[in-house]
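In case you want the letters, here they are:
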Amino acid sequence: MNKTENERPVFPFTAIVGQEEMKLALILNVIDPKIGGVMIMGDRGTGKSTTVRALVDLLPEIEVVTNDPFNSDPNDPEGMSDAVRDLIRQNQPIPVSKTKITMVDLPLGATEDRVCGTIDIEKALTEGVKAFEPGLLAKANRGILYVDEVNLLDDHLVDVLLDSAASGWNTVEREGVSIRHPARFILVGSGNPEEGELRPQLLDRFGMHSLIGTVREPQLRVKIVEQRTSFDQDPKAFSIEFQSSQKELREKIAQARKILPEVKLSTELRLNISKICSELDVDGLRGDIVTNRASKALAAFENRNEVTPKDIFTVVTLCLRHRLRKDPLESIDSGSKVQEVFGRVFGSVD
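First, a word on scope: everything that follows refers to the structure included in this document. Note that the structure is a prediction, hence the values are computed from the model and not measured.

## Here's the deal with helix 7 (residues 155-167)
Item 1. Over its 13 residues, helix 7 runs 18 Å from end to end, which matches the ideal 18 Å to within 8%, given 1.5 Å per residue.
Item 2. Residues of helix 7 that are buried: Leu 157, Val 158, Val 160, Leu 161, Leu 162 and Ser 164.
Item 3. Trailing helix 7 by a residue or two, Gly 168 shows a phi angle of about 85°, which is positive.

## Focus on unusual backbone geometry
Glycine aside, a negative phi is what most residues show, and trans is what most peptide bonds show.
Item 1. Non-glycine residue Asn 91 carries a positive phi angle of around 55°.
Item 2. On the secondary structure map, Asn 91 appears in the loop between helix 3 (82-89) and strand 3 (96-100).
Item 3. Exposure remark for Asn 91: the relative accessible area of 70% places this residue in the exposed category.
Item 4. For Asp 281, which is not glycine, the phi dihedral falls at a positive 60°.
Item 5. Here Asp 281 is to be found in the loop between helix 12 (267-279) and helix 13 (286-301).
Item 6. Asp 281 gets classed as partly exposed once you look at its relative accessible area, which sits at 49%.

## Some details on helix 14 (residues 309-320)
Item 1. Look at helix 14: 16 Å from first C-alpha to last across 12 residues, which is about the 16 Å you get at 1.5 Å a residue.
Item 2. Contacts made by the buried residues of helix 14 are with helix 1 (20-31), strand 11 (208-212), helix 12, helix 13 and helix 15 (336-346).

## Some remarks on the pattern of salt bridges
Item 1. Taken as a whole, this structure holds 15 salt bridges when the rule is applied.
Item 2. Taking the shortest distance from any N to any O, the salt bridge between Lys 100 and Asp 57 comes out at 3.8 Å. With Lys 100 in strand 3 and Asp 57 in the loop between helix 2 (48-54) and strand 2 (61-65), this pair connects stretches of sequence that are 43 residues apart.
Item 3. Taking the shortest distance from any N to any O, the salt bridge between Lys 247 and Glu 251 comes out at 2.9 Å. Placement of the pair is Lys 247 and Glu 251 together in helix 11 (residues 243-259), with a separation of 4 residues, close to one helical turn.
Item 4. On the accessibility criterion, Lys 247 (47% relative accessible area) is partly exposed.

About the criteria used
Residues numbered from 1 in each chain as written. Predicted model: local features only at pLDDT ≥ 70, side-chain atom pairs only at ≥ 80, totals over all residues. Heavy atoms only, no water. Helix = DSSP H or I, 4+ residues; strand = E, 2+ residues; numbered from the N terminus. Expected span 1.5 Å × (residues − 1). Buried < 20%, exposed > 50% of the residue type's maximum accessible area, 1.4 Å probe, protein only. Contact = heavy atoms within 4.5 Å. Salt bridge = Lys/Arg side-chain N within 4 Å of Asp/Glu carboxyl O.

This is the structure:
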């Protein structure tokens, strides 16, 4: 798909220096959206927003029902809007087109109506039709919903987002009129820990948690500054430099999505993952499920169909560190606690 001339240039994902943990978490969520999204916490100016927006260029194309406001999946009844399902019931032809997975930005001041959509009650009562004005959740279906400074968002709105992300549906009710539509998206949140953390109950709902810090090494800092300057001076020329590495990564992600269903995770490894969660006193089973999914996604990303202990070691901190905090005043574990327990359960990893 060709970029239009007036499209805002995006910093290439493969040009981003460092922050490997954050990049890996984002890639794994694109490979398996059921991981449940990622929360990225880090200092100001560490490239959180740049990295998330750079992901857009790597996203694969998907089939959608043409002109459907919910990006309905023509091959999955569970991922269709009611209108599309009705057309299928009536044996009507369904026009299908291909589009890139979309990324929707949630502005900080967004209202619940803007996020969930609104029902025109007057029209519903006078004309007897369910007049629904879709919101950002409809637009984000089968895509990515990005919330910068999610820790400053109203808790109620965060609840709404997390409920939709977990259930895959958004329901809007007003004056006895109810509309329901698919809302399956990868929720990506970012924030600065100085401005406060999310409540532990909300944090637990994010599949992965990435902690990023300011790069301290002078040579790397120089490289980052030089790259940013080059990009700002001539975004087009800078992007051309990274065209082949972007293409390679794009193909690698597409291949990983294809082979993911075939990836095996042995009973012994699943047992060890649950031992780690149990020893760390992780509430519920979300930690076990996410670690299973993320390690499979990593194996698929490396074009393998069998998960190894090293895969689990690579993702386990990202999947569990934010589930250890019982007290809202406690800080999030950097990863040492998770790695210590991993070492006890698995021993050394080659």
